[in-house]
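Residues per chain are reported as follows:
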Amino acid sequence: MRGMVLAVWAVIAAGVCPAATVLVDFEGEAFAASNTATKVSRTDSFVTSGSKALRYECGPWRETLFAVDIPETDLAPYDRICLDLVNEGPREDELNLHLAHPGEKPNVSFYSFSGMRGRTFAPIGKSVWTMSLVKWPKKTKDRIVSRLYFFCPRPFGSKITIDRIRLLKPGEADVPPTYKAEDVARIAALEKTEADRAKAERDAAFAAFRDRSAAAGLATDRMLVGVASSMSQVRPLVATDLSRVDAPKEVSLRLAKDEYESVQVIVTPAGEETLKDVRVTVSDLKTDGWFGSTLGADAVTSEVVGYVKTRGVASYSVGYTKVTDAAKPDGYERHGTNPRPGWWADSILPFLKKTDVKSGVAQGFWVRVKCPKDQKAGTYRGTLTVSAANAAAVMLPFVVRVNDFAVPRSSSLPLAITFNPTCSWWWYEDDADFAEREKAKDDPRSPVNAWKRREVEWGDFLADYYITFDSLYTLEELDRNMHNYIQPMNMAKLGKFLKRFNVKKEMRVPYRFAVQQGWAPNPTNAYQKAVWEE
């Protein structure tokens, strides 16, 4: 009787939440790698549908691409596509999926493509990649797909198994993957090894920061305090970023009259206890001597740094170029990596002067000095104090050097910074997250809408740093046709476009000359040569 009741309940549940449509389970679908850097094969490990899955392997920093053929399928009725992934490492890695129309050729460009595209960052162990199918590119004529292109322009190097690629309609709930017992054990071992490695890395970075603080004579029992450049990105939950944080004996800045200059103060608990009501304050600063000048504390602001969580991998890399032989056009080495998803320092919160800091979190405070235009040149000294309700205050000498000249109120160089906040629809973690983002589009309190009420304040803030409040995409014709302009076959059209806006031929530096002068790296393939030597 009990079994009958359960069976009836299962039928009712199935009627309420229909099962997903399995698009690919790698039992018989054709697939192929498009270059030697990519290896794909069927495997019986980490299977979640049928008896086979697809294993994809690649080396570090070599563009990868492979294709999976499917019957022509209209994706219009569906709002999500889900994939079961297991990443065996050795590192978490990026993976992109392009849903291609019939006859569409492979294209790994992030600027010129049709069809639908998404990107994920597969952690070590198991994960489910959910990609939205709601908002397709405007130039997409239909949603009929016949091939899946998987690619990664700059992989870290990994081994990823993919299975049970499925489609879900609005309202359909996804079913989590089920693995064989031996695969469950392997996944658990992978995730434990990665967790242990990450913990050891965090502990080592934290211990090194604590040792630097002790060597500088700073207290290390309850609260650790450091300083980072305003140009450094210190993520709150990535302990290795503490390597960019100095444990100083003093905090110092140099600036001109009528100029802003900033420094970051980083605070993290020394133990497991949360630091309460942490704030950073600065005293009046004075030059030496009986008749010394004063730079008032009101010229210094200290504001809590806010953070945003990214879910996708950026299409660009962050790094540096090391010159090995300045006499040779190819005498350089490029080092870089795509910024990883997670919490990143982003906003400065002027309304928030204090905050709690949990164990394991590196919280930033943005200390900004505005030097008055008529301030006397000299070296001003005061005290920077980091205090908390449940820890002894840390006081550091604060030194500001004012140069004997003033910066102009505006820049002679034009600059356009695009500011276009939108609700990201490529990546979300689950159905609830997806629903929250859809709702935010129409909520006037949502940041994507609320910023418009503060547009004048935003423009005024940018002007302090010589940044004009503008957009790179305000020209209607360029916005409509920008995909075409970057294609090699349309270089003549691009030339006409530039001529219209009085960009003369002699103002366009040939790419070959730029390479010879060391302004640009060598072309890496014939495609780049064809574009840039035009």
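Definitions and limits used
- Residues numbered from 1 in each chain as written.
- Predicted model: local features only at pLDDT ≥ 70, side-chain atom pairs only at ≥ 80, totals over all residues.
- Heavy atoms only, no water.
- Helix = DSSP H or I, 4+ residues; strand = E, 2+ residues; numbered from the N terminus.
- Buried < 20%, exposed > 50% of the residue type's maximum accessible area, 1.4 Å probe, protein only.
- Contact = heavy atoms within 4.5 Å.
- Areas by Shrake-Rupley, 256 points an atom, 1.4 Å probe, with all protein chains shown as cover.
- Pairing = 2+ DSSP bridges.
- Axes fitted to C-alpha atoms, helices over the stretch in contact; angles between N-to-C directions.
- pLDDT = per-residue confidence, 0-100.
- Expected span 1.5 Å × (residues − 1).
- Disulfide = S-S within 2.5 Å.
- Phe/Tyr/Trp six-rings, centres within 6.5 Å; stacked < 30°, edge-to-face > 60°.

Asker: Please explain the overall build of the chain as it appears in this structure.
Answerer: A tally of helices and strands in the chain yields nine helices and 25 strands. The 534 residues of the chain split such that 41% are buried. Taking contacts inside the chain between residues at least 6 apart in sequence as the whole, the part at least 24 apart equals 75%. Within the structure as shown, the chain displays about 29800 Å² of accessible surface, and the carbon and sulfur contribution to it stands at 55%.

Asker: Please explain the sheet that holds strand β8 (residues 116-122) as it appears in this structure.
Answerer: Backbone-to-backbone hydrogen bonds pair the strands of a sheet. The strands run either parallel or antiparallel. With respect to topology, five strands assemble into an open sheet ordered β2-β5-β10-β7-β8, the strand pairing being antiparallel. Both edges of this open sheet fall to β2 (31-33) and β8, since each of them pairs with a single strand only. Strand-to-strand twist in this sheet, taken as the mean axis angle between neighbours without regard to direction, amounts to 20°. In the sheet, β2 pairs with strand β5 (residues 64-74) via three bridges, with the strands oriented antiparallel. Residue pairing in the sheet places Ala33 in a bridge with Phe66 of β5.

Asker: What is the right way to look at the confidence of the model for the chain in this model?
Answerer: Caution is warranted with low-pLDDT regions, since their predicted coordinates should not be read in detail. Residues with a pLDDT of 70 or more make up 73% of the chain, whose mean pLDDT is 79. In the predicted structure, residues 1-16 sits below a pLDDT of 50 and forms zero contacts with residues beyond four places in sequence or in another chain. Confidence drops under pLDDT 50 across residues 474-494; counting only partners more than four residues distant or on other chains, this segment forms 26 contacts.

Asker: How should the side chain of Ser293 be read in this particular structure?
Answerer: Tracing the backbone shows Ser293 in the loop between β16 (285-286) and β17 (294-295). Apart from residues no more than four positions distant in its own chain, Ser293 is found in contact with Leu285, Lys286, Thr287, Lys376 and Tyr380.

Asker: Looking at this structure, I do not really get helix α2 (residues 181-215). What am I missing?
Answerer: For an α-helix, 3.6 residues make a turn, and residues three or four places apart therefore share a direction. Counted at 1.5 Å a residue, the expected span for α2 with its 35 residues is 51 Å, and the 51 Å between its end C-alpha atoms agrees. If you follow the buried residues of α2, they end up packed against β6 (80-90), β9 (125-132), β12 (223-229) and β14 (260-269). Following α2 by one or two positions, Gly217 has its phi on the positive side, about 85°.

Asker: It is not clear to me how the state of the cysteines should be interpreted in this structure. Could you clarify?
Answerer: The term disulfide refers to a covalent linkage connecting the sulfur atoms of a pair of cysteines. Throughout the structure, instances matching the rule amount to zero disulfides. Cys152 forms no disulfide, and the closest cysteine sulfur to it belongs to Cys58, at a distance of 6.4 Å. Overall, the relative accessible area of 0% leaves Cys152 in the buried class.

Asker: Explanation requested: the pairing of strand β11 (residues 158-168) in the structure shown.
Answerer: Each regular strand displays side chains that alternate between the two surfaces of the sheet. Burial within β11 is extensive, with 10 of its 11 residues counted as buried. Bridging between strand β1 (residues 21-24) and β11 involves three bridges; their strand directions are antiparallel. Looking at the pairing, Val24 lines up with Ile165 of β11. As paired strands, strand β4 (residues 53-58) and β11 are joined by five bridges and run antiparallel to one another. Following the sheet pairing, Tyr56 is matched in β11 by Ile160.

Asker: Just checking my understanding: could you explain unusual backbone geometry for this structure?
Answerer: As a rule of thumb, non-glycine residues mostly have phi less than zero, and peptide bonds are mostly trans rather than cis. Here the bond from Gly89 into Pro90 is cis, since omega is 15°, no more than 30 degrees from zero. Structurally, Pro90 can be placed in strand β6. A positive phi angle, close to 65°, is found at Asp258, a residue other than glycine. Considering the arrangement of structural elements, one finds Asp258 in the loop between β13 (251-257) and β14. One non-glycine residue, Asp277, lies in the positive phi region at around 50°. Inspection of the secondary structure puts Asp277 in strand β15 (residues 275-282).

Asker: What's the story with the sheet that holds strand β21 (residues 342-349) in this structure? I'm lost.
Answerer: Taken in spatial order, the five strands make up an open sheet running β12-β14-β23-β18-β21, and their pairing is antiparallel. Bordering the open sheet on either side are β12 and β21, each of which pairs with just one other strand. Between one strand axis and the next, the sheet turns by 30° as a mean value, whatever way the strands run. Where β14 meets strand β23 (residues 363-370), eight bridges bridge the pair, whose relative direction is antiparallel. From the neighbouring strand, Tyr260 faces β23, where its bridge partner is Lys370. Along the sheet face, α2 touches β12 and β14 and points at about 90° away from the line of β12.

Asker: Would you mind showing me how to read the environment of Val305 here?
Answerer: Relative to the elements of secondary structure, Val305 occurs in strand β18 (residues 300-310). Sequence spacing of Val305 and Leu352 is 47 residues, and the spatial spacing of their C-alpha atoms is 8.8 Å. Excluding residues within four positions of it along the chain, Val305 makes contact with Ala345, Ser347, Gln363, Gly364, Phe365 and Trp366.

Asker: What's the story with the packing of aromatic side chains in this structure? I'm lost.
Answerer: Two aromatic rings, taken as a pair, are described by how far apart their centres are and by the angle between their planes. Counting across every chain of the model gives two aromatic pairs. Geometrically, the ring pair formed by Tyr56 and Phe66 is tilted, given 5.1 Å between the ring centres and 35° between the ring planes. Within this pair, whereas Tyr56 is found in strand β4, its partner Phe66 is found in strand β5, the two being separated by 10 residues in sequence. For the pair shown, Tyr56 and Phe66 are each scored as buried. Summarising the aromatic geometry, the rings of Phe66 and Phe150 are spaced 5.0 Å apart at their centres and angled 10° between planes, so their arrangement reads as stacked. Separated by 84 residues along the polypeptide, Phe66 in strand β5 and Phe150 in strand β10 (residues 144-152) bring together distant segments of the chain.

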